[in-house]
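Per-entry structural report
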Amino acid sequence: MAMSASAQLSKVVKRQYMELPQGDNVQAMYIWIDGTGEGLRCKTRTLDSEPKSIEDLPEWNFDGSSTYQSEGSNSDMYLIPSAMFRDPFRKDPNKLVLCEVLKYNRKPAETNHRRTCKKIMEMIDHQIPWFGMEQEYTILGTDGHPFGWPSNGFPGPQGPYYCGVGADKAYGRDVVEAHYRACLYAGVKICGTNAEVMPAQWEFQVGPCEGISMGDHLWVARFILHRVCEDFGVVASFDPKPIPGNWNGAGCHTNFSTKEMREDGGLKCIEACIDKLGKRHNYHIRAYDPKGGLDNARRLTGHHETSNIHEFSAGVANRGASIRIPRTVGQEKKGYFEDRRPSANCDPYAVTEALIRTCLLDEEGDEPLYQSKNTIHP
Amino acid sequence: MATSTSSKLCKAVKQQYMDLPQGDKVQAMYIWIDGTGEGLRCKTRTLDSEPKTIEDLPEWNFDGSSTYQSEGSNSDMYLIPQAMFRDPFRRDPNKLVLCEVLKYNHKPAETNLRQMCKKIMDMVLNQHPWFGMEQEYTVLGTDGHPFGWPSNGFPGPQGPYYCGVGADKAYGRDVVEAHYRACLYAGVKICGTNAEVMPAQWEFQIGPCEGIEMGDHLWMARFLLHRVCEDFGVVASFDPKPIPGNWNGAGCHTNFSTKEMREDGGLKYIEESIERLAKRHQYHIRAYDPKGGLDNARRLTGHHETSNINEFSAGVANRGASIRIPRSVGQEMKGYFEDRRPSANCDPYAVTEALVRTCLLNEEGEELVKYK
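Keep in mind that this is a model prediction, so the values were computed, not measured.

About the cut-offs
Residues numbered from 1 in each chain as written. Chains lettered and ligands numbered in written order. Predicted model: local features only at pLDDT ≥ 70, side-chain atom pairs only at ≥ 80, totals over all residues. Heavy atoms only, no water. Helix = DSSP H or I, 4+ residues; strand = E, 2+ residues; numbered from the N terminus. Buried < 20%, exposed > 50% of the residue type's maximum accessible area, 1.4 Å probe, protein only. Contact = heavy atoms within 4.5 Å. Areas by Shrake-Rupley, 256 points an atom, 1.4 Å probe, with all protein chains shown as cover. UniProt positions renumbered as here; feature names shortened; annotations may be inferred. Salt bridge = Lys/Arg side-chain N within 4 Å of Asp/Glu carboxyl O. Patch = residues over 30% accessible without salt bridge, like charges linked within 9 Å, V, L, I, M, F, W, Y side chains within 5 Å. Expected span 1.5 Å × (residues − 1). Polar contact = N/O pair within 3.5 Å; in protein donor to acceptor, adjacent residues only side chain to side chain. Axes fitted to C-alpha atoms, helices over the stretch in contact; angles between N-to-C directions. Left-handed = near helix turned anticlockwise from the far one by under 90°. Nonpolar A, V, L, I, M, F, W, Y, C, P; charged D, E, K, R; others polar.

**Some details on the overall build of chain B**
Along its length, chain B carries 10 helices and 13 strands. Each principal axis of the C-alpha atoms in chain B carries an extent, and together these give about 60 × 55 × 40 Å. Every one of the 372 residues in chain B was classed for burial, and the buried ones make up 56%. Taking all contacts inside chain B whose residues are at least 6 apart in sequence as the whole, residues at least 24 apart take part in 66%. Carbon and sulfur atoms make up 51% of the accessible area of chain B, which totals about 15,100 Å².

Structural data, given as structure tokens:
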């Protein structure tokens, strides 16, 4: 059976309990990124009253030796609340709280890329950088096979599925619909969805978000997706190439602009950025998945609307290029551009930081220049 | 198994999420016809407030290389909102938006037949052309076999199924009922339904619609049907001859009238139109399915209440003719006529445009007439 045992538990029974009033007590679910740089963890605490802002949420801690983040002999790690959202699962007044992780010595954990990203964003906040990220993902059954695919084989070849409708085209739309509503309720800036080229593959878009909020909103959107899939008894995978061969991979195309690019004549600035990016391809490739490029190597082949991982290219309306300039932007001579290289399992903090460093801080070469940080490693 | 895996996902879980309030945000699902001329595609965007009219909906774009509409190196295509409906799946204030597709150079895409249809309809506004289209379709399981049919074979021969009731006569009525309500909610002008002659085959009728509205409402009704079937885990097919042999095909009989035809003595104008249609049979056959007549060739055999594709005929109350004049119209000497030739998978923009060109603009011959 493709769906989990948990999904068979009676939702009617659950509903009866979830409808119980909770008085003044509030449940706050703290969420963080674990030692893999891809996985999310969560635990909940009761608060005596509804937090109105992030400052109302206390610091917390957890056992890092159970999340690939520390040794057992010195395992306490700190959770620092960074962004608060409404909880679509427990509903108001309960909250979801995205946290940064600090080590015992209060330095950022290895996979805490938010800390440096925030510093970088603060350096250029007057340029008002906007991001929009297009998160692709695949729905899997609990057997690890894409949801809705025949158990021993493959569906018909790609072609009819992109934006498709019908039981023979769209696999798992309920998940997408539920996720969209949950994000809207939570306050995550979800701006669209569509079915993708491979059946059981979907995409949602988050943005436009300014600065650090891009990473915050995307990570919470991912958490909500995992949680919604859990309720349905299926699994969301951000693997960049879940099925080898003639099946599309999953990316996280990142759209970027500054105030200058959005104003008249901004195309000049866009082209200047693309020049800079063209000189720093490997630096970005290393930042664009949690394994320094190894994950993306399975996806960026030059086929299936990707660019080749070894070459940098850019073009108007060209989906085979590393950077695509949308046609409307080419025509209006202002707007934004799309970096199509990030993997579906990228860390949005690392991606947005790399774009700022190269395009706005004019960094060159393979090492980050401003504010030393740990290199990304699994 | 006849129904999809997706349909087994727990609807109670989904309902809990769909009940969540969405604040001021509105979901607008943009819908368009893909490169096949038959397939529909859709994607959604969030708007900050409820659009009140079509003008409130921004233009958008999509990747045409994934819908058989462009090459990857130059793939952006434009979506231009044309008709807005309420969304029966996500409910108010969310919207379904039917769009025209333009190529990168802003010319209509190959399968965007709406743009030309609208130009033609605008030329005859004062004649108030009304249309009603009878959309037949077959419900299939995900195995491609008609829904409810024995997996390795066939049901009993046709006879008891048309407008039938009972589990041994009507296969898949839930789909029909759900679709009807969804259309009414959405604002699609659905005017009736019935079970058809072949088991698992059904029909709904859209109209009366004036001018360009006919195509808009029929395409939206088709989208709603695909989406309802998806929820049930079955598939709607508009193939004109899904099962070869002694089983009915699926058509899209098109009823047509002008203000003149509807007024006293209108029968004269109906007969004039039929004469013009008789002289242009091949032109219409080419317009009446997405393959220039090849699809209809499997259906229009002269049997199973169809006319033969190679011959034009007309008659009162004659279901074996290309054009049927309803008996009541023959008696009242006014009303409308029914063109029984269009295939179930026809493009209603192409069909309605052809009828107006031949009957109202008096076109003749095989060449495309261009107007300013």
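**Re the overall build of chain A**
A count of helical and extended segments in chain A gives 10 helices and 13 strands. Counting only C-alpha atoms, chain A reaches 60 × 50 × 40 Å along its principal axes. Burial statistics for chain A: of 378 residues in total, 57% are counted as buried. When contacts within chain A are restricted to residue pairs at least 6 apart in sequence, those whose partners lie at least 24 apart make up 66%.

**So, the UniProt feature "domain: GS beta-grasp" (unreviewed entry) in chain A**
Sequence positions flagged by UniProt for "domain: GS beta-grasp" (unreviewed entry) are, in local numbering, residues 24-106 of chain A. Across residues 24-106 of chain A, helical content stands at 0% and strand content at 47%; the span's end C-alpha atoms are separated by 33 Å.

**Concerning the pattern of salt bridges**
Overall, the coordinates contain 58 salt bridges over all chains when judged by the stated rule. Across the pair Arg298 of chain A and Asp295 of chain A runs a salt bridge whose closest N-O atoms are separated by 3.2 Å. Classification of Arg298 of chain A by relative accessible area gives partly exposed; the value is 36%. Judged by relative accessible area, Asp295 of chain A falls into the buried class, the value being 6%. Several salt bridges converge on common partners, so that one network encompasses Arg319, Arg324, Glu338 and Arg340 of chain A together with Asp63 and Asp76 of chain B.

**Describing a nonpolar patch on the surface**
Residues and elements named next belong to chain A. A grouping of Val13, Tyr17 and Leu20 is seen on the molecular surface, where their side chains present a nonpolar patch of about 330 Å² in accessible area. Looking at where Val13 falls in the secondary structure, it is placed in helix H1 (residues 11-18). On the accessibility criterion, Val13 (42% relative accessible area) is partly exposed.

**Re helix H3 (residues 173-186) of chain A**
Residues lying three or four places apart along an α-helix face the same way, a consequence of the helix completing one turn every 3.6 residues. All names here are of chain A. Helix length check: H3, at 14 residues, gives a terminal C-alpha distance of 20 Å against a target of 20 Å (1.5 Å per residue), a fit within 8%. Burial runs high along H3: 14 of the 14 residues are buried. Looking at the residues trailing H3, positive phi occurs at Gly187, about 95°.

**Some points on the side chain of Thr254 of chain A**
Residues and elements named next belong to chain A. Relative to the assigned elements, Thr254 resides in strand E10 (residues 252-257). The exposure class of Thr254 is buried, given its relative accessible area of 0%. A distance of 3.0 Å separates the side chain of Thr254 from the backbone oxygen of Cys252, its partner in a polar contact.

**Looking at the packing of helix H2 (residues 114-123) of chain A against helix H10 (residues 348-359) of chain A**
Residue and element names in this part refer to chain A. Between H2 and H10, the least distance of the axes is 9 Å, while the angle of their chain directions is 30°. At the point where H2 passes H10, the crossing takes the left-handed sense. Between H2, through Arg114, Thr116, Cys117, Ile120 and Met121, and H10, the contact on the second element is made entirely by Tyr349, Thr352, Glu353, Ile356 and Arg357. In terms of residue class, the contact of H2 with H10 is made up of five nonpolar, two polar and three charged.

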